Amino acid sequence: QYQDAHRVYSLVKSKKVDLVMVAYPESHSAFKHTVFGTDHLTLIVPSHHPLAQQSKVNIEEISGEAFVAFDQNTPTRSHIDKFLESHNVKVSIQMTNNNIFSLKKGVEAGLGISIVPWKTVDDEVRAGTICRVSLGKAKLQRELAITTLGGLQQSGISELFINSLVAHHGMA
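Since the model is a prediction, treat every value here as computed from it, not as a measurement.

Criteria and cut-off values
Residues numbered from 1 in each chain as written. Predicted model: local features only at pLDDT ≥ 70, side-chain atom pairs only at ≥ 80, totals over all residues. Heavy atoms only, no water. Helix = DSSP H or I, 4+ residues; strand = E, 2+ residues; numbered from the N terminus. Polar contact = N/O pair within 3.5 Å; in protein donor to acceptor, adjacent residues only side chain to side chain. Contact = heavy atoms within 4.5 Å. Expected span 1.5 Å × (residues − 1). Buried < 20%, exposed > 50% of the residue type's maximum accessible area, 1.4 Å probe, protein only. Arc of directions from axis to C-beta. Salt bridge = Lys/Arg side-chain N within 4 Å of Asp/Glu carboxyl O. Phe/Tyr/Trp six-rings, centres within 6.5 Å; stacked < 30°, edge-to-face > 60°. Lys NZ or Arg CZ within 6 Å of the ring centre and 35° of its normal.

Draft legend 1. Local environment of the side chain of Arg132. Relative to the elements of secondary structure, Arg132 occurs in strand β6 (residues 130-133). In this structure the side chain of Arg132 is engaged in a polar contact, spanning 3.1 Å, whose partner is the backbone oxygen of Trp118. Residues contacting Arg132, with those up to four places away along its chain left out, are Thr42, Leu43, Trp118, Val121, Asp122 and Val125.

Take a look at the structure:
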């Protein structure tokens, strides 16, 4: 179940959950992060958008575009904002949400373009409702980690899960 980034850290710290999966793990002495992979983030556009005809664009080309964004309090949004700012790109936020499914639906409805994890749009690309457009040389990735309470011995099943996930993603 998706939870706000700040909430998941609180759940681990209060021992209400043993572990959580996070993107862009926060550095904090109370937590142990086990990185298990990275998500490549990609530009997505509605299939009828002019950029849909291109396989790649320079990041500067999306300046001024209507944009469907993650909620402001999410680490992914913060990193996308910094990425756009570092390339002097300003977009016009039309909708925000913390749920990738909702962002994709906003793009499909023509509310704007977005940047989301590559793997999350396979079905929509296959169906032809969304197009992935490479940002050329500009690369944006997010680190994925399992977060646990530091200094706490994990249960056997938790350790098995973490080790399996790390091995599956080739991070061992």
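Draft legend 2. Looking closely at the environment of Ala69. Following the sequence through the fold, Ala69 ends up in strand β3 (residues 66-70). For Ala69 and Leu43, which are 26 residues apart along the polypeptide, the C-alpha to C-alpha distance reads 11 Å. In this structure Ala69 touches Arg77, Ile93, Met95, Thr96, Asn97 and Leu103, once residues within four positions along its chain are discounted.

Draft legend 3. Quick look at helix α5 (residues 156-168). Here α5 contains 13 residues, and its C-alpha end-to-end distance of 18 Å stays within 8% of the 18 Å for a straight helix at 1.5 Å per residue. Taken together, the buried positions of α5 are Ser158, Ile162, Leu165 and Val166. The arc that holds every buried residue of α5, seen down its axis, measures 100°, which confines them to one face. Opposite the buried face of α5, at more than 90 degrees from it, the exposed residues are Gly156, Ile157, Leu160, Ala167 and His168. Its buried side turned inward, α5 meets β1 (19-23), β2 (31-46) and β7 (141-149).

Draft legend 4. Quick peek at the pattern of salt bridges. Counted under the stated rule, the structure contains six salt bridges. Among the salt bridges present, the one from Arg132 reaches Asp122, with a minimum N-O distance of 2.2 Å. Separated by 10 residues along the polypeptide, Arg132 in strand β6 and Asp122 in helix α4 (residues 122-127) bring together distant segments of the chain. Given a relative accessible area of 33%, Asp122 falls into the partly exposed group. Where Arg126 meets Asp123, a salt bridge forms, and the shortest distance between an N and an O atom there is 2.7 Å. Remark: Asp123 and Arg126 occur in helix α4; sequence separation between them is three residues, near one turn of the helix.

Draft legend 5. Spotlight on unusual backbone geometry. Non-glycine residue Lys15 carries a positive phi angle of around 65°. Mapped onto the elements of the fold, Lys15 is located in the loop between α1 (5-13) and β1. The class of Lys15 is exposed, set by a relative accessible area of 57%. Of note, Asn88 is a non-glycine position whose phi angle comes to about 55°, a positive value. Mapping Asn88 onto the fold places it in the loop between α2 (75-86) and β4 (92-97).

Draft legend 6. Summary view of helix α3 (residues 100-108). The complete set of buried residues in α3 reads Ile100, Leu103, Lys104, Gly106 and Val107. Viewed along the axis of α3, the buried residues span an arc of 160°, placing them on a single side of the element. If you check the start of α3, you find a side-chain oxygen 2.8 Å away from the backbone N of Phe101, and it comes from Asn99. Gly110 occupies a position one or two residues after α3 and carries a positive phi of about 85°.

Draft legend 7. Representation of the side chain of Thr42. Here Thr42 lies in strand β2. Residues in contact with Thr42, not counting those within four places in the same chain, are Ser114, Ile115, Val116, Trp118, Arg132 and Val133.

Draft legend 8. Region of interest: the packing of aromatic side chains. What the rule picks out here adds up to one aromatic pair. An angle of 55° between the planes, with centres 5.1 Å apart, marks the rings of Tyr9 and Phe31 as tilted. Here the residue Tyr9 occupies a position in helix α1, and Phe31 occupies one in strand β2, the gap between them amounting to 22 residues. By relative accessible area, which is 6% here, Tyr9 ends up buried. Judged by relative accessible area, Phe31 falls into the buried class, the value being 11%. Against the face of Trp118 rests Arg132, its NZ or CZ located 4.1 Å from the ring centre.

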